[in-house]
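Residue-level structural notes
Listed below, chain by chain, are the residues.
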Amino acid sequence: MVRTYALLAWTWTRAAAAYPVSFALMVVFGFALAAVDVGVILVVFANTTSLAGFTRPEVLFLYGAANIAFSSVDMCVGNIDRISQHIKAGTFDAFLIRPASTWVQTTVDRFTPTRIGRVLQAVIVLGVAMAELDVPWQRVWMVPVMIATAMVIFASLWTLAGALQFVVTDAPEVCNAFTYGGGQLSQYPFSVYGRDLVRGVTYVLPLAFINWQPGLYVLGRDDPFGTPGFLRFAGPLAALLLALLAALAWRQGVRRYRSTGS
């Protein structure tokens, strides 16, 4: 499955690179567009020294970690939100008869490598924040773990959203509320949100494990909502459970597909 994805992604990348100037401009544009979010954070801290109890480097750390995962998954898996177009047009039939996973074919369809600019921007922000924070080495190991966990969570959310479109083909925007909405939600410390919302994204939809819970461990901070300490390390388990749910939902969605009847 990985080899198939890599081959298809490389094909789309070569097609995009055939126009090098356009390719470069799109990468730069993506980088600049993502920088607007950082600009908002910097404007906030130009007028205050903390945001819900978190300093500028801490907020940038949470932003960078979440956006490396979000931007990477958006580039590699995000095209699954176009599944409703294939369902309504009946072109999903072609995915079913090819000797490759329907999930792989859907996610890599129209692969957009120019989104790498957003990933690079997030990497730079995280690097700068880590340098300013001077995190103890005994806690640095959590950073790659939290990014990998976040990538699985975001990929699972996109898969669940794609599976839902087999049932609700005319509401991709509703699905985007959970994918892009989750990405926006995780850009800031969860202490800026209400207690009930944070409980919901901890115990129901595990968005708190993208960067909040593991981030508290990296930063050596207590949870202002008083959640148990073991949740700092529960991210991989939460991601695994969500991935299994997403895989089941996708399988059921494909089984439900009945083409257009034409």
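Residues numbered from 1 in each chain as written. Predicted model: local features only at pLDDT ≥ 70, side-chain atom pairs only at ≥ 80, totals over all residues. Heavy atoms only, no water.

An unreviewed UniProt entry annotates the chain as ABC transporter permease of Nonomuraea recticatena.

Moving on: the layout of surface pockets. Its boundaries defined by the atoms lining it, the largest pocket holds a volume of some 440 Å³. Along the walls of the largest pocket sit 19 residues, with Met1, Val77, Trp103, Ala155 and Thr159 positioned nearest its centre. When contributions to the lining of the largest pocket are tallied by element, the ones reaching two or more residues are α1 (2-17), α3 (56-76), α6 (102-108), α9 (142-164) and α13 (235-256). In terms of residue count, the dominant contributor to the lining of the largest pocket is α9 (5 residues). Of the residues assigned to the lining of the largest pocket, the class counts are 15 nonpolar, 4 polar and no charged. There is about 180 Å³ of room inside the second largest pocket. Looking at the second largest pocket, it is lined by 13 residues, and the ones nearest its centre are Asp37, Asn67, Phe70, Arg118 and Gln184. Contributing elements (two or more residues each) for the lining of the second largest pocket: α2 (20-45), α3, α7 (116-133) and α10 (172-185). (1 Å grid on protein atoms, 1.4 Å probe; cavity = no way out; pocket = protein on both sides within 12 Å on 5 of 7 lines; lining within 4 Å. Points joined across faces, edges and corners; volume = space filled by probe spheres on them. Helix = DSSP H or I, 4+ residues; strand = E, 2+ residues; numbered from the N terminus. Nonpolar A, V, L, I, M, F, W, Y, C, P; charged D, E, K, R; others polar.)

Let us now look at the environment of Leu120. Here Leu120 shows up in helix α7. Taking the C-alpha atoms as reference, Leu120 lies 27 Å from Val201; in sequence the two are 81 residues apart.

Next up on the list: the nonpolar core. Judged by nonpolar contacts, the single largest core of 61 residues is most densely connected at Phe61, Leu126, Phe154 and Phe166. In contact with Phe61, not counting residues within four places along its chain, are Leu126, Ala129, Met130, Leu133, Val143, Met146, Gly215, Val218 and Leu219. Among the nonpolar cores identified, the runner-up in size contains 6 residues, and Tyr5, Met75, Val104 and Phe111 belong to it. (Core = buried A, V, L, I, M, F, W, Y, C linked by side-chain atoms within 4.5 Å. Buried < 20%, exposed > 50% of the residue type's maximum accessible area, 1.4 Å probe, protein only. Contact = heavy atoms within 4.5 Å.)

Below, the discussion takes up empty space enclosed by the protein. In total, this model carries 1 cavity of 30 Å³ or more according to the counting rule given. Approximately 40 Å³ is the volume found for the largest cavity. As for the largest cavity, its lining consists of Met142, Val145, Met146, Thr149, Pro214, Arg232, Phe233, Gly235 and Pro236. Of all the secondary structure elements, the ones that give two or more residues to the lining of the largest cavity are α9 and α13. The biggest single contributor to the lining of the largest cavity is α9, with 4 residues. Here the lining of the largest cavity is composed, by residue class, of 6 nonpolar, 2 polar and 1 charged.

For the rest of this paragraph, the subject is the pattern of salt bridges. Close approach of charged atoms allows side chains with opposite charge to pair. Taken as a whole and judged by the stated rule, the model has 5 salt bridges. Ionic pairing is found between Glu132 and Arg56, a salt bridge with its closest N-O pair at 3.2 Å. Highlighted residues: Glu132 in helix α7 and Arg56 in helix α3, separated in sequence by 76 residues. Overall, the relative accessible area of 29% leaves Arg56 in the partly exposed class. When the shortest N-O distance is used, the salt bridge between Asp74 and Arg118 registers 2.8 Å. A residue pair is termed long-range when its members are at least 10 positions apart, and Asp74 in helix α3 and Arg118 in helix α7 qualify at 44 residues. (Salt bridge = Lys/Arg side-chain N within 4 Å of Asp/Glu carboxyl O.)

In this section: the packing of aromatic side chains. Scanning the entire structure with this criterion turns up 16 aromatic pairs. A ring pair is formed by Phe70 and Phe154, whose centres lie 5.3 Å apart and whose planes are at 75°; its orientation type is edge-to-face. In this pair, Phe70 sits in helix α3 while Phe154 sits in helix α9, placing the two residues 84 residues apart along the sequence. The class of Phe70 is buried, set by a relative accessible area of 7%. Take Phe154: its relative accessible area is 0%, and that puts it in the buried class. Judged by centre distance (5.4 Å) and plane angle (75°), the rings of Phe166 and Trp250 are edge-to-face. (Phe/Tyr/Trp six-rings, centres within 6.5 Å; stacked < 30°, edge-to-face > 60°.)

What follows concerns a nonpolar patch on the surface. A grouping of Met26, Phe29, Leu33, Val36 and Val40 is seen on the molecular surface, where their side chains present a nonpolar patch of about 470 Å² in accessible area. Its place among the elements puts Leu33 in helix α2. (Patch = residues over 30% accessible without salt bridge, like charges linked within 9 Å, V, L, I, M, F, W, Y side chains within 5 Å. Areas by Shrake-Rupley, 256 points an atom, 1.4 Å probe, with all protein chains shown as cover.)

Moving on: unusual backbone geometry. Phi at Arg110 is positive, roughly 60°, even though this residue is not glycine. Within the secondary structure, Arg110 sits in the loop between α6 and α7. Look at Asp134: it is not a glycine, yet its phi comes out positive at around 55°. The residue Asp134 is located in the loop between α7 and α8 (137-140) in this model. Among the residues examined, Asp134 registers a relative accessible area of 61% and is labelled exposed.

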